[in-house]
Amino acid sequence: MLILVVGCSSDEEASSDGDNSEIANDGKVNGELEIQYFVGGYGDSWWKEVIADFKEEYPDVTITEHAGPNINEEMRSRWVSGDPPDVVYIDGAGSSETQMVEDGQLMNLTEWVKDVEVDGTPITESFIVDPAKYDGEIYSLPLVFDTWGTWYDEAWFEAEGYEVPTDFESFMSTMGDIQEGEDIAPFVTTGQHPYYFLRGMLYPAFGAAGGDQLLEDVITGKEGAWTSEPVLEVMKKVEKMQKEGYIDEGFGALNHTQSQMNFLLHKNAFIPVGFWLPNEMEKDKPEDFTYGFIPSPMQDAGEPFAVVPDLRPLAIAEEADNPEAAKAFVDFVFTKEYATLFSEHTGAIMNINGVDLSQNENVSDYLIEANAMINDPEQVKIYQKPHPMSAELETPISNALVSLMLGNITAEEFTQQAEEAAAEYRNSK
Amino acid sequence: MVQSKKQKYLFLAFCLIPTFIMFSIFTLYPLFSGLYYSFFEWSGSSESKEFIGISNYIQLFNDEIIPMTIIHDYFLVATKVLGIMVLALFFAVALTQLKIKEAPFYRIVFFFPNIMSVVVIGILWTFIYNPSLGLVNSGLQFMGLEDWARPWLGSEDWALPSLVLPSIWAGIGLFMLMLMGGIANVSKSYYEAAEIDGANEWQQFWKVTLPLVWPQIKISILYIVITTLNGSFIIVQIMTGGGPNNSTHVMGSYLYEQAFVQYNFGYGATIGVMILIFSLVTVLILQFIMRRERVEY
């Protein structure tokens, strides 16, 4: 049966013969506009509001929304057959910005973006983090500024007198106290999706240990990067966490929601996740639970926390039927007003600077605190990765990481395996 | 006479052509498409693909994960065939030949998992195996066997064996009913004759029941083998996602990962071809091993 699964795709020629292109090519914003967006931890209420406002602004545009938690899989055949939606928000399982760029599916926005403004300021000067560049070209605009960090229950920590870690040493010390006091493994993550640990703990650790250059080298699989001294030092820290018994030994079986449930039920005390966590687990949160967020404390004592933004971009399909309306929509979305609304709706931050959330009663406390912390260079240093790691490299590295975290291999063996995976990845390109 | 023969062929064509069309669209076309795509390097998410000849097949032979997935598949096949057939046969005999008053109730209980979706079964057993909240470890602790408690699905050593139990649990009911049907068809006179000859119940089982339900057993084994080789990826995907560190990947789940996670659709198609070949060869070998004259007394 499985061969049938693979064989069920069509390679028919593109059927982009809709009449929208003709209408749109006259420069007017009208016709049909198809938008694909993933609905995950951030929900869809922000999208509904933005789209409703856009309809009001452009009454001649008819919008078709393709949305849901599995939308990337559902829309796959449209992309394969060359009949993609006009606008795509790239997020969630089954989506890969890098792959889409490599496949030539996204419109090159390098020239167009120069004329786009956010409330009168060029958009290129308004981003917190710049767009990903592929050979110097821009194919997407970073819409959501998320960052992975380490979560804890602030109320519980206060009640029990546990210190909130500020670096790796204090992290280990607090985990020791919790292990002793609560008889639990303090740290949990999802073994079914090991990239949570990779992106949530290792990227910041690599940033702190070797800056943007090391991040770029490990993500692109540069020769010798994974066996380099700073990477080995970071992996030694992970090995230490495992050897002390701080990593829940059952993590290998847990999917992301199970690990998050364990965390909410105080079966564990720390978990690395992005800003979507509170929104995603809203219905399951115990009443007395208070979310506390710190950038993952993997850096050495005396250094600022390291944050590696995880950007979720908005892009226009290369074969969009209605590029004019698509551009109008992308232009419409990037405003401070919608950035504020985004934080209110999702508990996360839109990638636009100068948005003041400090006095906003509709924004959660953890987000206000995190936002202030992230914007304080004495507390936090932001490192930037060039683009997301290719799944082809991320999967074998993630597998080796699980082995390390289960205690089945050493840090040295991990770096060796990761280096081999990187070599294979380089050869496949 | 000629007229009636013509009518007969027309009727046959009327019956067969729609079936053949459907079979071509939903089976042959995807089958040959899969074979076709196995000769391409293709991400599966765009139009562009490159013909690379047999490179995917060369990669298949050099892929270190593939032998592991084959071993895992056949481990599941062997344990499922053994577990399901022994238990299904036991319950079928017990519910037909022993005069159990509550037999209809047990029949429903055993068949119940068969009406549940595999996805639901997978999720249910994931909770049962949960290392800190699950029934298995709690039960072991309750019985004073806390040393036996372990992260079942999170351990590279225990994850694959842990998948066997839910698969057996979910499979017993159907095969129990099939075997019960076979046992019900065995004439009582054989048992009466055996009893007169002095055969005890154990001898009656071996000499009468087992040979006469052999056709049902054979079909059941083939069915378990085929469904395991082709369908075990669902339970793997739900319960472990192939992890930890590939320790539960079967051919199907590895195909899924390559095609839909790593965007190597062409290579995924190649794995699909391999699964087809393995399934066909396995079934042919089994047919050969299990060939046996029909027993009649």
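None of the values given here were measured: they were computed from a predicted structure.

The rules we used
- Residues numbered from 1 in each chain as written.
- Chains lettered and ligands numbered in written order.
- Predicted model: local features only at pLDDT ≥ 70, side-chain atom pairs only at ≥ 80, totals over all residues.
- Heavy atoms only, no water.
- Helix = DSSP H or I, 4+ residues; strand = E, 2+ residues; numbered from the N terminus.
- Expected span 1.5 Å × (residues − 1).
- Buried < 20%, exposed > 50% of the residue type's maximum accessible area, 1.4 Å probe, protein only.
- Arc of directions from axis to C-beta.
- Contact = heavy atoms within 4.5 Å.
- Pairing = 2+ DSSP bridges.
- Right-handed = clockwise from strand over helix to strand, strands pointing away.
- Buried area = accessible area lost by both parts, 1.4 Å probe.
- Salt bridge = Lys/Arg side-chain N within 4 Å of Asp/Glu carboxyl O.
- Polar contact = N/O pair within 3.5 Å; in protein donor to acceptor, adjacent residues only side chain to side chain.
- Axes fitted to C-alpha atoms, helices over the stretch in contact; angles between N-to-C directions.
- Parallel < 35°, antiparallel > 145°, perpendicular 65-115°, else oblique.
- Nonpolar A, V, L, I, M, F, W, Y, C, P; charged D, E, K, R; others polar.
- Phe/Tyr/Trp six-rings, centres within 6.5 Å; stacked < 30°, edge-to-face > 60°.
- Lys NZ or Arg CZ within 6 Å of the ring centre and 35° of its normal.
- UniProt positions renumbered as here; feature names shortened; annotations may be inferred.

Chemist: It is not clear to me how helix α17 (residues 411–428) of chain A should be interpreted in this structure. Could you clarify?
Modeler: An α-helix turns once every 3.6 residues. As a result, residues three or four positions apart point the same way. Residue and element names in this part refer to chain A. Between the first and last C-alpha of α17 there are 26 Å, a value that for 18 residues agrees with the 26 Å anticipated at 1.5 Å per step. Along α17, the positions that sit buried rather than exposed are A411, F414, T415, A418, E419, A421, A422 and Y425. End-on, the buried residues of α17 take up no more than an arc of 165°, which puts them together on one face. Turned more than 90 degrees off the buried face of α17, the exposed positions are E424 and N427. For α17, the secondary structure elements touched by its buried residues are α9 (195–220), α10 (229–243) and α16 (391–406).

Chemist: Help me understand the pairing of strand β2 (residues 61–68) of chain A, please; the structure alone is not making it clear to me.
Modeler: Two faces make up the sheet, and in a regular strand the side chains alternate between them. Residue and element names in this part refer to chain A. Bridging between strand β1 (residues 31–38) and β2 involves eight bridges; their strand directions are parallel. Each residue of the ladder has a partner; that of I35, found in β2, is E65. Since β1 and β2 lie parallel, the crossover through helix α3 (residues 45–57) that links them has a hand, and here it is right-handed.

Chemist: I tried to follow the interface of chain A and chain B on my own but got confused; where do I start?
Modeler: Many analyses report the size of an interface as the accessible area lost when the parts associate. Taken together, the contact pairs 44 residues of chain A with 52 residues of chain B. Taken together, both faces of the contact between chain A and chain B bury some 3,800 Å²; the carbon and sulfur share is 57%. There are zero salt bridges connecting chain A and chain B. In this assembly, chain A and chain B are joined by nine residue pairs in polar contact (both at pLDDT 80 or more). Contributing elements (two or more residues each) for the side of chain A that touches chain B: α1 (2–7), α5 (76–80), α11 (256–264) and α16 of chain A.

Chemist: What's the story with the packing of helix α4 (residues 103–111) of chain B against helix α7 (residues 159–184) of chain B in this structure? I'm lost.
Modeler: How two helices pack is summed up by the angle between their axes together with the distance between the axes. All names here are of chain B. Taken N-terminus to C-terminus, the directions of α4 and α7 make an angle of 135°; their axes are 7 Å apart at the nearest point. Classified by the interaxial angle, the pair formed by α4 and α7 is oblique. Packed against α4, whose contacting residues are R107, F110 and F111, the element α7 presents G173, L174, M176, L177 and M180 at the interface. Here the contact of α4 with α7 is composed, by residue class, of six nonpolar, one polar and one charged.

Chemist: Mind showing me how you'd approach the sheet that holds strand β9 (residues 149–153) of chain A here?
Modeler: Backbone hydrogen bonds hold the strands of a sheet together, and the pairing may be parallel or antiparallel. All names here are of chain A. Taken in spatial order, the three strands make up an open sheet running β10-β9-β11, and their pairing is antiparallel. Each of the sheet's edge strands pairs with one partner strand only, and the pair in question is β10 (271–273) and β11 (291–294). Recorded for the sheet is a direction-independent mean angle of 40° between the axes of neighbouring strands. In this structure, β9 lies alongside β10, joined through three bridges in antiparallel fashion. Each residue of the ladder has a partner; that of W151, found in β10, is I271.

Chemist: Looking at this structure, how should I read the sheet that holds strand β3 (residues 87–89) of chain A?
Modeler: All names here are of chain A. Here six strands make up an open sheet; going across it, the order is β2-β1-β3-β13-β8-β14 and the pairing mixed. Looking at which strands have only one partner, the edges of the open sheet turn out to be β2 and β14 (349–350). Pairing analysis gives three bridges linking β3 to strand β13 (residues 309–316), with the strands arranged antiparallel. Looking across to β13, one finds that Y89 is bridged to L314.

Chemist: For this particular structure, what's the right way to read the packing of aromatic side chains?
Modeler: The full count for this structure, using the stated rule, is 55 aromatic pairs over all chains. Ring geometry for W151 of chain A against F293 of chain A: centres 4.9 Å apart, planes inclined by 70°, an arrangement best described as edge-to-face. Taken together, the positions of W151 of chain A in strand β9 and F293 of chain A in strand β11 put the pair 142 residues apart, joining distant regions of the chain. In this structure W151 of chain A comes out as buried when scored by relative accessible area, which is 0%. Here F293 of chain A falls in the buried class, since its relative accessible area comes to 6%. What links up through ring pairs into an aromatic cluster is the set Y152, W156, F157, Y162, F168, F171, F187, F197 and F270 of chain A. We note K49 of chain B situated over the ring of W42 of chain B; from NZ or CZ to the ring centre the distance is 5.1 Å. Stacked on the ring of W152 of chain B, the Lys or Arg R150 of chain B has its end atom at 5.7 Å from the ring centre.

Chemist: Just to check I follow, could you spell out the UniProt feature "domain: ABC transmembrane type-1" (unreviewed entry) in chain B for this structure?
Modeler: Sequence positions flagged by UniProt for "domain: ABC transmembrane type-1" (unreviewed entry) are, in local numbering, residues 70–286 of chain B. Annotated as residues 70–286 of chain B, this span is 75% helix and 0% strand, and its ends, taken at the C-alpha atoms, are 17 Å apart.

Chemist: I'm lost on α11 of chain A in this one. Help?
Modeler: Three or more residues of α11 of chain A are buried, namely Q258, S259, Q260, N262, F263 and L264 of chain A. Contacts from the buried residues of α11 of chain A go to β9, α9, β10, α12 (277–280) and β11 of chain A together with α5 (118–129) of chain B. Taken from the residues just after α11 of chain A, H266 of chain A is the one with a positive phi, measuring 60°.

Chemist: For this particular structure, what's the right way to read the pattern of salt bridges?
Modeler: Between side chains of opposite charge, a pair can form when the charged atoms approach closely. Residues and elements named next belong to chain A. Enumeration over the complete set of coordinates arrives at 13 salt bridges over all chains. Between E394 and R199 there is a salt bridge whose closest N-O contact spans 3.0 Å. One end of the pair, E394, is in helix α16; the other, R199, is in helix α9, and 195 residues separate them in sequence. Residue classification places R199 among the partly exposed residues on the basis of a relative accessible area of 22%. E239 is the partner of K243 in a salt bridge, and the nearest nitrogen-oxygen pair spans 3.7 Å. Residue K243 and its partner E239 are both found in helix α10; the two are separated by four residues, about one turn of the helix. Under the relative-accessibility criterion, E239 is labelled buried at 8%. Within the structure, one salt-bridge network assembled from shared partners comprises D91, D310, R312 and K385.

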